[in-house]
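Residue strings, one per chain:
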Amino acid sequence: MPEIPHLWIRAEQRDNEDRTGLTPDGARALLAQGFEITVERSANRIVPDTEYQAAGCTMVASHTWPNAPHDAIIFGLKELPDDGRPLPHSHVMFGHAYKGQFAGQRLLKRFKAGGGTLLDLEYLVDEAGRRLAAFGYWAGYAGAAISLLAWAAQQQDSICPAVSVWRNKAALLEALRSQLDQSGEQSPSVIIIGALGRVGTGARDLCEALGCKVTGWDIAETAHGGPFPEIFAHDLFLNCILAGPNTPVFIPKDSSTAARALRVIGDIACDPDSAYNPIPIYTKASDWAAPVIRVHDNPALDVMAIDNLPSLLPLESSLDFAAQLLPILEGLAKPDDLVWKRARNTYIKFINSLGET
């Protein structure tokens, strides 16, 4: 890391991505500590460019990060353009590259080719391996909301329509109550797996705000490894568990035709191209234009698997995440900061394994 960190905030290049990981107030705090901060202009970012400029940041054109000084640390949230270009900088981002994802393997090869480093936001952890900053709560909240929209649409023999950004949480709740009113049904039963974590807490809060009957499961209820017939007795199943080698399969491949009350699966964790996918009845993410994938008819079974759910509530999710992340970013100025050392060591481990696959 440079002695005086130069943090370069890139404009997100993914569609429907308005979030930011650094607010103008956070930028002021870092500038006061000696950081250099460059911010790419963005027409979509939930916080206007003028507020970063007023905070004292250097403003530059969008998507100019490939030409940033070599020692700049490029900070964004979602993926880079998959153009094969070698990556010589250190990047702070969600790489989705450490669980065997195909796109992630290509990304790691680009870092290896360019000599850069991936400092993955998902792997900024404490000494016990617990994540220190996450969008999880708002992923759970928005994922539960879209899953309920899908269920409400089914009650009218339809499929979930396209979704777009809600200006705030209150607007989301108002829209959702309206759809449930139109469906004539307002109390579906919901089972949440991972109910005690950040994601599960957000999902539960949304469901309970709308009067749903919620069953909350966590490690204790899933430790036996399955099968899990209780899932099929609920109207909705919300998966809030980050998949790993020991995660059981919750919905087997052949289960979509089984007798079930289950109508909607909200795979909020959303890792369909991972070898650890606990819901292998679908193979690709859904998106804002088509929020669900219908995997079976008569009766309908829809899977909601949007992989940028917090972007649906960009204001709340940005403010929450940026507040969690700011003290961690401050550690970039400390050469021996353990959080960033762990992130770098994780990257090195996976880069070294590329030659073995």
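All figures in this text were calculated on a predicted structure; none of them were measured in a lab. (Residues numbered from 1 in each chain as written. Predicted model: local features only at pLDDT ≥ 70, side-chain atom pairs only at ≥ 80, totals over all residues. Heavy atoms only, no water.)

A.B. asks: Break down unusual backbone geometry for me, citing the residues and quoting the values.
C.D. replies: In this model, G226 is joined to P227 through a cis peptide bond whose omega is 5°. P299 follows N298 through a cis peptide bond whose omega is 0°. Tracing the backbone shows P299 in the loop between β11 (292-296) and β12 (301-304). With phi around 60°, N16 is a residue other than glycine that occupies positive phi space. Examined against the element boundaries, N16 turns out to sit in the loop between β1 (6-9) and α1 (24-32). (Helix = DSSP H or I, 4+ residues; strand = E, 2+ residues; numbered from the N terminus.)

A.B. asks: Before we move on, could you go through the pattern of salt bridges and cite the residues and values that matter?
C.D. replies: Scanning the model with the defined rule gives 13 salt bridges in all. Across the pair R204 and E208 runs a salt bridge whose closest N-O atoms are separated by 3.1 Å. Placement of both R204 and E208 in helix α6 (residues 198-209) is noted, with a separation of four residues, approximately one turn of the helix. By relative accessible area, which is 24% here, R204 ends up partly exposed. Of the charged contacts in the structure, one is a salt bridge between D336 and K341, with a shortest N-O distance of 3.8 Å. Connected through salt bridges with shared partners, the residues R14, E79 and D307 form a single ionic network. (Salt bridge = Lys/Arg side-chain N within 4 Å of Asp/Glu carboxyl O. Buried < 20%, exposed > 50% of the residue type's maximum accessible area, 1.4 Å probe, protein only.)

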